[in-house]
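# Structure assessment
Chain by chain, the residues:
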Amino acid sequence: MVNYDLIVIGFGKAGKTLAAKMNAAGKKVAVIERSKAMYGGTCINIACIPTKTMIVAAEKGWSFDDTMKERGAVTGRLNAKNYKMLADNGVDVIDAEAHFVSNKVIEVVAGDDRQELTAETIVINTGAVSNVLPIPGLTTTKHVYDSTGIQTLEALPKRLGVLGGGNIGLEFAGLYNRLGSQVTVLDAATSFLPRVEPSIAKLAKEYMEEDGIVFEQGVKTSEVKNDGDEVVVVTDKGEFRFDALLYATGRKPNIEPLHLENTDIALTERGGIQVNKHLETSVPGVFAVGDVNGGLQFTYISLDDFRIVFNYLTGDGSYNLETRGVVPTAMFLNPPLAQVGLTEDQAKEQGLPVAVKEMPVAGMPRGHVNGDLRGAFKAVVNPETKEILGVTLFGQESHEIINLITLAMNHHIPYTDLAKQIFTHPTMAENLNDLFAI
């Protein structure tokens, strides 16, 4: 049995960052990754980076083939860079499948080779996998893909169906629409983007429809099958026929390969690994970071999970889930839609004093400079305490500006300060002066 100070299972953002830090501190570290294609984790290889690379290429008017080539080039560079970041600096990168034999013993399997490893600290960083709904034919029908497979098509589908109207489904709908596919979104939810401010969700849907995307809300899918090379989706609203179908029905913690039944590691009701505020599992010294613990599925949350575990292992543990601030989100639609904090309805449900203001991008100077007047900004504040309760930004640069709002909220900067802050001109950020003049 080989002993390490730290073993990380999975090459994700939190784990690789912790591995690098602990290795630099003189610890003996191993990172186990079952696929060379996943060096660097989900974000770099099959999620944030490749999909946004494709979106940018499509916005530039690139062809499908050139878009795919650019995606491959970018992910290839970053994959190799991440491997070298660890392997060239003394971390043992083990290409193998890992599973638990007991609480602190891991068996790694690569072909016929097997070896047992143990460590004082073990970090599970295996991410998430596509959630497959129990729809007959979904996984056996030709030309049906999850969010990974849809990125490796050899030809642009003339007609693309998207099963699911969440972040992933809508981003791919917009992407393939720009590339030239006829896109139809089949969404089981009865309302579009139900967790977004209703007025802004309405705008987002209108813009996507103007771009040619068709939405079917409240659809119940009963079967997926082939008719020749066509994909036929059978629903309570009739049959829909496509050249390809993307199912984007959520992602779930990737725990099956770990054989956690051999340990005392507990799971949550939703199938994530149960953790305390320091991200430690029910087995002392074993941590679960990133998507696998059932928290928010964002790379920047995985990075923050690293901060929590690192602070616990090397500091006083004062930074933890309980002291983490508000978390922004961004959907890379056209234009981008970003949020942080509460919506107006959520604030009212909590019984908070509420004042709101919504501004159309059409009234913003930079919107005219950009030649894009779509969107709106909305702020929700507490007029008594002067706190910012929540903000939704829908317009160019929203994915960047939301970080300013998040910083202000986490440092308890009153909204009245943003109303008089000096911003450069002409910018989208300067509209925060008017937005917070409530």
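For clarity, every value in this text was computed on a predicted model and none was experimentally measured.

Turning next to the sheet that holds strand 22 (residues 388-394). Pairing is antiparallel in the open sheet, where 5 strands are placed in the order 18-19-22-21-20. If you trace the sheet from one side to the other, it starts and ends with strand 18 (329-331) and strand 20 (355-360), each paired once. For this sheet, the mean angle separating the axes of adjacent strands, direction not counted, is 10°. The sheet contacts of helix 6 (residues 198-210) involve strand 19 (337-341), strand 20, strand 21 (376-381) and strand 22, and relative to strand 22 the element is tilted by about 15°. Here helix 10 (residues 398-410) sits on the sheet in contact with strand 18, strand 19, strand 21 and strand 22, set at roughly 175° to strand 22.

Annotation from UniProt places "domain: FAD/NAD(P)-binding" (unreviewed entry) at residues 4-300. Between the C-alpha atoms that bound residues 4-300 the distance is 27 Å, and the span itself is 27% helix and 29% strand.

Once that is clear, we can look at the sheet that holds strand 8 (residues 144-145). The strands making up a sheet are joined through hydrogen bonds of the backbone, oriented either antiparallel or parallel. With respect to topology, 5 strands assemble into an open sheet ordered 8-15-9-10-11, the strand pairing being parallel. Two strands lie at the open edges of the sheet, namely strand 8 and strand 11 (214-217), each paired on one side alone. Where strand 10 (residues 182-187) meets strand 11, 4 bridges bridge the pair, whose relative direction is parallel. Within strand 11, the residue paired with Thr184 across the bridge is Val214. Against the sheet, helix 5 (residues 167-179) makes contact with strand 9 (159-163), strand 10, strand 11 and strand 15 (244-247), and its axis sits at roughly 165° relative to strand 10, the strand it touches most.

When the UniProt feature table is mapped onto this chain numbering, "domain: Pyridine nucleotide-disulphide oxidoreductase dimerisation" (unreviewed entry) sits at residues 327-434. Span residues 327-434 is 31% helix and 25% strand, its end C-alpha atoms 24 Å apart.

It is worth spelling out the environment of Val31 at this point. Mapped onto the fold, Val31 is located in strand 2 (residues 29-33). Accessibility expressed as a relative area gives 0% for Val31, which makes it buried. Linking Val31 and Thr424, residues 393 residues apart in sequence, is a C-alpha distance of 45 Å. Leave out the neighbours within four places in its chain, and Val31 touches Val8, Gly10, Phe11, Ala19, Leu86, Val91, Asp92, Val93 and Ile94.

Attention now goes to the side chain of Glu344. Relative to the helices and strands, Glu344 resides in helix 8 (residues 344-349). One polar contact links Glu344 to Lys348, side chain to side chain, over a distance of 2.7 Å. Reaching out from Glu344, the side chain makes a polar contact with the side chain of Lys378 at a distance of 2.7 Å. Non-local contacts of Glu344, meaning those with residues more than four positions away in its chain, are made with Glu197, Val354, Val356, Lys378 and Val380.

Moving on to the packing of aromatic side chains. Per the counting criterion, the structure on display carries 9 aromatic pairs. Measuring from ring centre to ring centre gives 5.8 Å for Phe287 and Tyr312, while their planes differ by 65°; the resulting arrangement is edge-to-face. One end of the pair, Phe287, is in strand 17 (residues 286-288); the other, Tyr312, is in helix 7 (residues 299-314), and 25 residues separate them in sequence. What makes Tyr312 partly exposed here is its relative accessible area of 33%. Here the aromatic rings of Phe298 and Tyr300 are separated by 5.1 Å at their centres, their planes lie at 5°, and the arrangement is stacked.

Another point: the side chain of Thr141. You can see Thr141 is positioned in the loop between strand 7 (128-130) and strand 8. Thr141 sits in the buried class, given a relative accessible area of 10%. A polar contact of 3.1 Å, which involves the side chain of Thr141, links it to the backbone oxygen of Val224. Apart from the residues within four sequence positions on either side, Thr141 is in contact with Val224, Lys225, Asn226 and Val231.

Here the focus is the pattern of salt bridges. Per the counting criterion, the structure on display carries 18 salt bridges. Close ionic contact of Lys277 with Glu322 constitutes a salt bridge, the shortest N to O distance being 3.7 Å. Taken as a pair, Lys277 in the loop between strand 16 (251-253) and strand 17 and Glu322 in the loop between helix 7 and strand 18 lie far apart in primary sequence, 45 residues in all. The partner of Lys378 in a salt bridge is Glu344, and the shortest N-O contact between them spans 2.7 Å. Of this pair, Lys378 sits in strand 21 while Glu344 sits in helix 8, and the two are 34 residues apart along the sequence.

It is worth spelling out helix 7 at this point. An α-helical segment advances 3.6 residues per turn. Residues three or four places apart therefore align on the same side. A rise of 1.5 Å per residue sets the reference length of helix 7, with its 16 residues, at 22 Å; its end C-alpha atoms lie 22 Å apart and thus fit the reference within 8%. Turning to helix 7, its buried residues number three or more, namely Ile301, Ser302, Asp304, Asp305, Phe306, Ile308, Val309 and Asn311. In this structure, the buried residues of helix 7 make contact with helix 1 (13-24) and strand 17.

Parameters and conventions
Residues numbered from 1 in each chain as written. Predicted model: local features only at pLDDT ≥ 70, side-chain atom pairs only at ≥ 80, totals over all residues. Heavy atoms only, no water. Pairing = 2+ DSSP bridges. Helix = DSSP H or I, 4+ residues; strand = E, 2+ residues; numbered from the N terminus. Axes fitted to C-alpha atoms, helices over the stretch in contact; angles between N-to-C directions. Contact = heavy atoms within 4.5 Å. UniProt positions renumbered as here; feature names shortened; annotations may be inferred. Buried < 20%, exposed > 50% of the residue type's maximum accessible area, 1.4 Å probe, protein only. Polar contact = N/O pair within 3.5 Å; in protein donor to acceptor, adjacent residues only side chain to side chain. Phe/Tyr/Trp six-rings, centres within 6.5 Å; stacked < 30°, edge-to-face > 60°. Salt bridge = Lys/Arg side-chain N within 4 Å of Asp/Glu carboxyl O. Expected span 1.5 Å × (residues − 1).

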